Amino acid sequence: MEFETLIRERRSVRHYKENTPISHELLVSVLTQAQQAPSWKNLQPARSYVIEDPQILKDFISQTLP
């Protein structure tokens, strides 16, 4: 793909569907691929946490937001 085409066809998603479940397999796939991304000086600073249970997510949000 040429750079000019890439710039012309680029788009930013600014609205996401709420309450649309993502399959466990897709989450595992995305996180596995993200682990392969290089990091500066191989420090591996990224941390990922996934909460799939709606009740645990609700409790987490209520504890972290004012």
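Being a predicted model, the structure only gives us computed values, none of them experimental.

A. Here's a closer look at the overall build of the protein. A tally of helices and strands in the protein yields 3 helices and 0 strands. Going residue by residue from the N terminus, the α and β elements of the protein occur as α-α-α. For the protein, the C-alpha radius of gyration of 17 Å lies well beyond 11 Å, the compact-globule estimate for 66 residues. Principal-axis analysis of the C-alpha atoms places the extent of the protein at approximately 45 × 35 × 30 Å.

B. Layout of the environment of I51. Tracing the backbone shows I51 in the loop between helix 2 (24-35) and helix 3 (54-64). For I51 and L6, which are 45 residues apart along the polypeptide, the C-alpha to C-alpha distance reads 34 Å. Ignoring sequence-local partners within four residues, the contact set of I51 consists of I56, L57 and F60.

C. Summary view of the pattern of salt bridges. All told, the structure shown has 1 salt bridge when counted by the stated rule. One salt bridge connects E4 with R8, and the closest N-O pair in it is separated by 3.3 Å. With E4 and R8 both in helix 1 (residues 3-9), this residue pair falls 4 residues apart, about one helical turn. R8 shares its class with E4; the two are exposed.

What counts and how
- Residues numbered from 1 in each chain as written.
- Predicted model: local features only at pLDDT ≥ 70, side-chain atom pairs only at ≥ 80, totals over all residues.
- Heavy atoms only, no water.
- Helix = DSSP H or I, 4+ residues; strand = E, 2+ residues; numbered from the N terminus.
- Rg over C-alpha atoms; globule rule 2.2 N^0.38 Å.
- Contact = heavy atoms within 4.5 Å.
- Salt bridge = Lys/Arg side-chain N within 4 Å of Asp/Glu carboxyl O.
- Buried < 20%, exposed > 50% of the residue type's maximum accessible area, 1.4 Å probe, protein only.

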